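# Fold and geometry: a report
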Amino acid sequence: MFTALAASAIALSAITTPSSAAPAEAPPDQVTISIVTVNGSGCPAGTSAVAVSPDNTNFTVTYSDYLAQTGVGSSPTEFRKNCQLNLRVNYPQGFTFGIAQADYRGFAHLAKGAYGSQRANYYFQGNSANATQVHPYSGPYSDSWQATDKTDFASIVYAPCGEVRHLNVNTELRVSVGTSDPKATTSFMSMDSTDGNVDTKYHFSWKKC
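Residues numbered from 1 in each chain as written. Predicted model: local features only at pLDDT ≥ 70, side-chain atom pairs only at ≥ 80, totals over all residues. Heavy atoms only, no water.

The protein has the name DUF4360 domain-containing protein in an unreviewed UniProt entry, where Amycolatopsis magusensis is given as its organism.

Shown next, in the form of structure tokens:
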């Protein structure tokens, strides 16, 4: 499995708790997440879902129809797929959260000379998006891929205490022909796994207000 690691600092203009405060354990009551809106060619209606882990330490976004491709059998618009999710996170009063890490995985088949990329950002409603993290892949390549965006503790941005701020999660897959022959080859990149879905995992960092 190919692993691409990138250290990221989420630069948001949100109100944060003091960086000197230690992270808290996850809330004891079950956290829930609902999808408020979903848009994008990578997540048509009914093809994405969100679930929180039983211990409230992370949540996963599952996709079942997220594939970018180019070459034989592809339409001109299929080289890029994206998904924009607006999520409401429901958690007990007295807590706030940030995103400490995001793990993405899928499968890629890139012909010699072709290349692809996965990119993502996430931010709280009402604030500017953080810098997009880009993970490139080059052909020839035919294997699973995994990418991780990780934020140092001191750089994690938390939702303002006592306010409801939706979390926006934006992802994109892009495949380019490059120097490959689009009339003889097909290259693709998917957020997909052997069971037909991909679990994109976001790790919470909790603090008490």
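A word on unusual backbone geometry. With an omega of 5°, the peptide bond running from Gly 139 to Pro 140 counts as cis. Checked against the element boundaries, Pro 140 lands in the loop between strand S9 (133-138) and strand S10 (141-150). For Asn 56, which is not glycine, the phi torsion reads 65° and is therefore positive. Tracing the sequence through the fold places Asn 56 in the loop between strand S3 (48-52) and strand S4 (58-63). Residue Asn 56 is classed as buried on the basis of its relative accessible area of 1%. (Helix = DSSP H or I, 4+ residues; strand = E, 2+ residues; numbered from the N terminus. Buried < 20%, exposed > 50% of the residue type's maximum accessible area, 1.4 Å probe, protein only.)

Let's shift gears to the nonpolar core. Core analysis: the largest hydrophobic core is formed by 38 residues, its most contacted members being Phe 59, Phe 97, Trp 145, Tyr 202 and Phe 204. For this core, the elements supplying multiple residues, two or more each, are S3, S4, strand S6 (80-90), strand S7 (95-110), strand S8 (115-124), S10, strand S11 (167-176) and strand S13 (198-208). When residues in this core are grouped by element, the largest group, seven residues, is from S7. Setting aside residues up to four positions removed in sequence, Phe 204 forms contacts with Ile 33, Val 52, Asn 56, Thr 57, Asn 58, Phe 59, Val 89, Phe 97, Gly 98, Ile 99 and Ala 100. (Core = buried A, V, L, I, M, F, W, Y, C linked by side-chain atoms within 4.5 Å. Contact = heavy atoms within 4.5 Å.)

This part takes up the sheet that holds strand S2 (residues 32-39). Pairing is antiparallel in the open sheet, where five strands are placed in the order S2-S6-S11-S8-S9. Looking at the sheet topology across the chains shown, the edges are occupied by S2 and S9. Across the sheet, the axes of successive neighbouring strands diverge by a mean angle of 20°, strand direction being ignored. (Pairing = 2+ DSSP bridges. Axes fitted to C-alpha atoms, helices over the stretch in contact; angles between N-to-C directions.)

Take Ser 53: it is sitting in the loop between S3 and S4. A distance of 2.7 Å separates polar atoms of two side chains, one belonging to Ser 53 and the other to Asp 55. Setting aside residues no more than four positions away along its own chain, Ser 53 makes contact with Gln 30 and Asn 58. (Polar contact = N/O pair within 3.5 Å; in protein donor to acceptor, adjacent residues only side chain to side chain.)

What follows deals with the state of the cysteines. Applying the stated criterion across every chain, the model contains two disulfides. Between the sulfur atoms of Cys 43 and its disulfide mate Cys 83 the distance is 2.1 Å. Judged by the sign of its S-S torsion, about 100°, the bond between Cys 43 and Cys 83 is right-handed. Highlighted residues: Cys 43 in the loop between S2 and S3 and Cys 83 in strand S6, separated in sequence by 40 residues. You can call Cys 83 buried: its relative accessible area is 1%. (Disulfide = S-S within 2.5 Å.)

In this fold, Ser 155 is placed in the loop between S10 and S11. Once the C-alpha coordinates of Ser 155 and Ala 100 are considered, the two residues, 55 residues apart in sequence, prove to be 8.9 Å apart.

Here the focus is the environment of Ser 142. Looking at the element boundaries, Ser 142 is found in strand S10. Exposure remark for Ser 142: the relative accessible area of 46% places this residue in the partly exposed category. As a C-alpha pair, Ser 142 and Ala 111 span 31 residues in sequence and 8.3 Å in three-dimensional space. Excluding anything up to four places from it in sequence, Ser 142 contacts Phe 107, Ala 108 and His 109. A polar side-chain atom of Ser 142 sits 3.1 Å from a polar atom in the side chain of His 109.

With eight of its ten residues buried, S8 lies for the most part within the structure. Taken together, the six bridges between S8 and S9 define a ladder with antiparallel strand orientation. Looking at the pairing, Ser 117 lines up with Pro 136 of S9.

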